[in-house]
Amino acid sequence: MNNPKERKILEGIISGDEVVIKAFYKKNYNYIRGYILQNSGEEEDAEDVFQDALVVMYQKLKSDTLDINVSIRTYFYAICKNIWRSRLRKKRKLIFDSELILVNEESEQYIIEDIEKKEREQVYRKYFLRLSDACKEVLSLVFAGNNMKEIARITGYAEGYARKKKFECKKSLLDNIEKDPMYQELKIISEKES
Amino acid sequence: MERTQELFEKIEGYLTQTLSKEEVLAFEKEMAEDSELKRELEKQRELHKVLSDKDTLDFKEKLQKISAEIKKEQSRSNTYFSYWKIAASIIIILGVGTLLWNNLNKTNNFSDLYASYYKPYPVEDVTRGDTTNEWEEIVKNYSEGNYDSVISKLEKTNSFITSERIRLYLGNSYLNTGKEREALLQFEMISDASRYRETANWYRALTHLKLGETNKSLEILKEIINYNGIYKEKAMQLKAELSEL
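Residues numbered from 1 in each chain as written. Chains lettered and ligands numbered in written order. Predicted model: local features only at pLDDT ≥ 70, side-chain atom pairs only at ≥ 80, totals over all residues.

1. Description of the packing of helix H8 (residues 133-143) of chain B against helix H9 (residues 147-156) of chain B
Residue and element names in this part refer to chain B.
Phase 1: Where H8 contacts H9, the axes come no closer than 8 Å and their chain directions differ by 150 degrees. Considering the angle they form, H8 stands roughly antiparallel to H9. Where H8 crosses over H9, the handedness of that crossing is left-handed. Contacts between H8 and H9 involve Ile-138, Asn-141 and Tyr-142 from the first element and Ser-149, Val-150, Lys-153 and Leu-154 from the second.
Phase 2: Class assignment of the residues belonging to the contact of H8 with H9 gives a composition of four nonpolar, two polar and one charged. (Axes fitted to C-alpha atoms, helices over the stretch in contact; angles between N-to-C directions. Helix = DSSP H or I, 4+ residues; strand = E, 2+ residues; numbered from the N terminus. Parallel < 35°, antiparallel > 145°, perpendicular 65-115°, else oblique. Left-handed = near helix turned anticlockwise from the far one by under 90°. Contact = placed C-beta atoms within 7 Å. Nonpolar A, V, L, I, M, F, W, Y, C, P; charged D, E, K, R; others polar.)

Below, the structure written as structure tokens:
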């Protein structure tokens, strides 16, 4: 990856540069959207896949395991397509027709195995971000390792109330996650594997 | 398993290692007998692990924000205006031509691919017996890229559309003014037996590509390759590039 333009994009993504990310988003979203709508997906699927693929790329960049010898676009599109095919397979709608779903196997083979592992994480994050602001605040503090005394102090809640709030938020989060059909599928698959 | 506050606090205590030694032993014993409890613990362990990665969460949240911004911008911008912007940029891209393409990175976007393969159907230097001034004007406008005037002329006077070559001109004019569906119609009206059929197919394939309808485009490209004519090589190249996307 010696191309300075591509370097800049990767650096922008890892540092969370909104201008760079927005430009990347605008430039590539329509292609992915077209691909997913053409392959039995909905508008909402397209947005999820696009963002989740960017998250996968971000995590790879951060952990320094991104080693690509193709253009960012080629690599990114391959992630998107693999995520979508994995989800479609779970929806049991996938028609295995290499002509229908345009693929470039070569650039994809080293991405596929990661996708499945990441899928469940994406579900967790999706529903966490849909919680109320109050829930997000309390749970963020919990996940950051604060004890209840500290959480009560930071939020200004009484400790008893903070405990109750934490429980309710977490319960509703877990309930929502489990209602997601995609999560159900993942669970079944991973139970079969184990 | 019913989710209670008590259960959650026990699980969290176990995960954060704040239970006493006795409590840990008791809890582990309980789990050994209750697979549902064990599963709940693993679920929460994973939940904690995933959601404690604040950077990734923030990144995902940022993406949602950016997406919302883009949607807002798009609904604000006048569609008519952007339609002309697109038409104008295609014409500019065509004008700047191949020189620029060599310098650009290989891009795998349909419209880029379209632009790199598309060339307006050339005007043939044939003198026609029934040449009229008006006809000459149409051809001249076409060759100079005044596609709007070609369209308005031909749409007004249907009698001009007497040959299949004219359909190619008209189709190409539509294609250059953002009227892809109309263009397709013209190309499709050229009959199978015509000597312009292969050319028409080539432009059909490009039109579908421009519309992002790659499956159709590929179908037609295969037909062209099988036909084994002058567009075979181009069709094979385009098919290969398209399959790489």
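So that's the structure; there's more coming.
2. Considerations on the interface of chain A and chain B
Phase 1: Each partner contributes to the interface: chain A provides 35 residues, whereas chain B provides 33 residues.
Phase 2: Listing elements by their share of the side of chain A that touches chain B, those giving two or more residues are helix H2 (18-38), helix H3 (43-62), helix H4 (72-90), helix H6 (112-128) and helix H9 (159-179) of chain A.
Phase 3: A per-class count over the side of chain A that touches chain B returns 16 nonpolar, seven polar and twelve charged.

3. A word on unusual backbone geometry
Phase 1: Positive phi values are uncommon outside glycine, yet Ser-40 of chain A reaches one of about 60 degrees.
Phase 2: When the 13 C-beta atoms within 10 Å are taken as the criterion, Ser-40 of chain A is described as partly exposed.
Phase 3: Backbone geometry at Asn-228 of chain B places phi at a positive 65 degrees, although glycine is not the residue there.
Phase 4: With respect to the secondary-structure elements, Asn-228 of chain B resides in the loop between helix H13 (214-227) and helix H14 (232-244).
Phase 5: Overall, Asn-228 of chain B belongs to the exposed group, with 9 C-beta atoms counted inside 10 Å. (Buried ≥ 20, exposed ≤ 12 C-beta atoms within 10 Å, placed from the backbone.)

4. Describing the confidence of the model for chain B
Residues and elements named next belong to chain B.
Phase 1: Per-residue pLDDT for chain B has a mean of 84; in total, 86% of the residues score no lower than 70.
Phase 2: Every residue in residues 102-107 scores below 50 in pLDDT, and together they form two contacts with partners more than four places removed in sequence or on other chains.
Phase 3: For this predicted complex, the interface confidence reaches an ipTM of 0.85, while the overall pTM sits at 0.57. (pLDDT = per-residue confidence, 0-100.)

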